[in-house]
Amino acid sequence: QAPFKDWEEVKEVEALFIDAIESARRFIYLENQYFTSPKIAAAIMRRLEAPDPPEIVLVTPITADGWLEQVAMDATRLRLMKIIGAVDPEDRFRIYTPKTKGGQDIYVHAKVMIVDDAFLKIGSANMNNRSLGLDSECDLALVEEEQHRPQVRQVRERLMAEHLGATEEDVRE
């Protein structure tokens, strides 16, 4: 939340995104409606420039929903994607938009993050400055609990299978 009178600024969700990105070793799976945060993009670039970078998959809409959102979000999102692409020599950062069987884009409204099957975040926060600094958001995170890894992996496999039109077993293989 933004600072206001006696209330201090709270940026827990932004810190959670950045910490999770920086801790990734093998992969980051993201579903997010908006990707326009320069701080999150910078964290992704740092990981891609480091030795042995993780694979990063971002599932997001091609364009924002509504003219105001398109004006506010689309150009920044495209710029950040190009900047990240320029520092991604191993092609580890991939962006996908789900489609119906008929080829129509599916609008992604989800806010999910999975890192190395050890971290799962689900909530209301987008990866944009409004969610990370102005709005009050509510996210739930499971962090580094060995007993949760099978459940987190199952969530990831189920989501990927749904988007790929495949079975969870196919994704697992």
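Definitions and cut-offs
Counting restarts for each chain: residues are numbered from 1 in the order of the written sequence. Local features in this predicted model are restricted to residues whose pLDDT is 70 or higher, and side-chain atom pairs enter the listing and the counts only when it is 80 or higher, whereas totals over whole chains, interfaces and linings include all residues. For side-chain calculations, the full set of non-hydrogen atoms in the structure is used, while hydrogens and water are omitted. Only DSSP runs of H or I reaching four residues or more are called helices, and only runs of E reaching two or more are called strands; each is numbered from the N terminus. As defined in this context, the radius of gyration uses C-alpha atoms, and a globule is described by 2.2 Å times the residue total to the power 0.38. A simple rule labels every residue: compare its accessible area, found with a 1.4 Å probe on the protein chains alone, to the largest value its type can have, and call it buried under 20%, exposed over 50%, or partly exposed in between. By the convention used here, residues are in contact when the closest approach between their heavy atoms is within 4.5 Å. A 1.4 Å probe and the Shrake-Rupley method give the accessible areas. Residues count as covered only by the protein chains that appear here. Pairing of N or O atoms within 3.5 Å defines a polar contact, subject to two protein rules: one partner must be a possible hydrogen donor and the other a possible acceptor, and residues neighboring in sequence count only if both atoms are side-chain atoms. A pairing counts as a salt bridge when a side-chain nitrogen of Lys or Arg comes within 4 Å of a carboxyl oxygen of Asp or Glu.

Asks: Sorry, what's going on with the overall build of the protein chain here?
Replies: Secondary structure assignment for the protein chain yields 6 helices and 6 strands. The linear arrangement of helices and strands in the protein chain, starting from the amino end, is α-β-α-β-α-β-β-β-α-β-α-α. Computed over C-alpha atoms, the radius of gyration of the protein chain comes to 16 Å, within 12% of the 16 Å expected from 2.2 N^0.38 for 173 residues, which places it in the range of a compact globule. Dimensions of the protein chain, computed from the C-alpha atoms along their principal axes, are close to 55 × 40 × 30 Å. The 173 residues of the protein chain split such that 39% are buried. Within the protein chain, counting contacts between residues at least 6 apart in sequence, those at least 24 apart form 67% of the total. By element, 53% of the accessible surface of the protein chain is carried by carbon and sulfur atoms, the whole surface being about 10000 Å².

Asks: Mind showing me how you'd approach the side chain of Gln33 here?
Replies: Within the secondary structure, Gln33 sits in the loop between β1 (27-32) and α2 (38-49). Overall, the relative accessible area of 8% leaves Gln33 in the buried class. A polar contact of 3.0 Å, which involves the side chain of Gln33, links it to the side chain of Tyr107. Leaving out residues up to four positions away in the same chain, Gln33 has contacts with Thr60, Pro61, Tyr107, Val108, His109, Ala110, Lys111 and Asn126.

Asks: Help me out: how do you make sense of the pattern of salt bridges in this one?
Replies: Two side chains with opposite charge may pair up if their charged atoms get near one another. Under the defined criterion, the tally for this structure stands at 11 salt bridges. Two residues, Asp139 and Lys121, come together in a salt bridge whose shortest N-O distance is 2.4 Å. Here Asp139, found in strand β6 (residues 139-143), pairs with Lys121, found in strand β5 (residues 119-123); they are 18 residues apart in sequence, far enough to count as distant. In this pair, the class of Asp139 matches that of Lys121, namely buried. When the shortest N-O distance is used, the salt bridge between Asp135 and Arg130 registers 2.9 Å. A relative accessible area of 26% means that Asp135 is categorised as partly exposed. Arg130 gets classed as exposed once you look at its relative accessible area, which sits at 53%.

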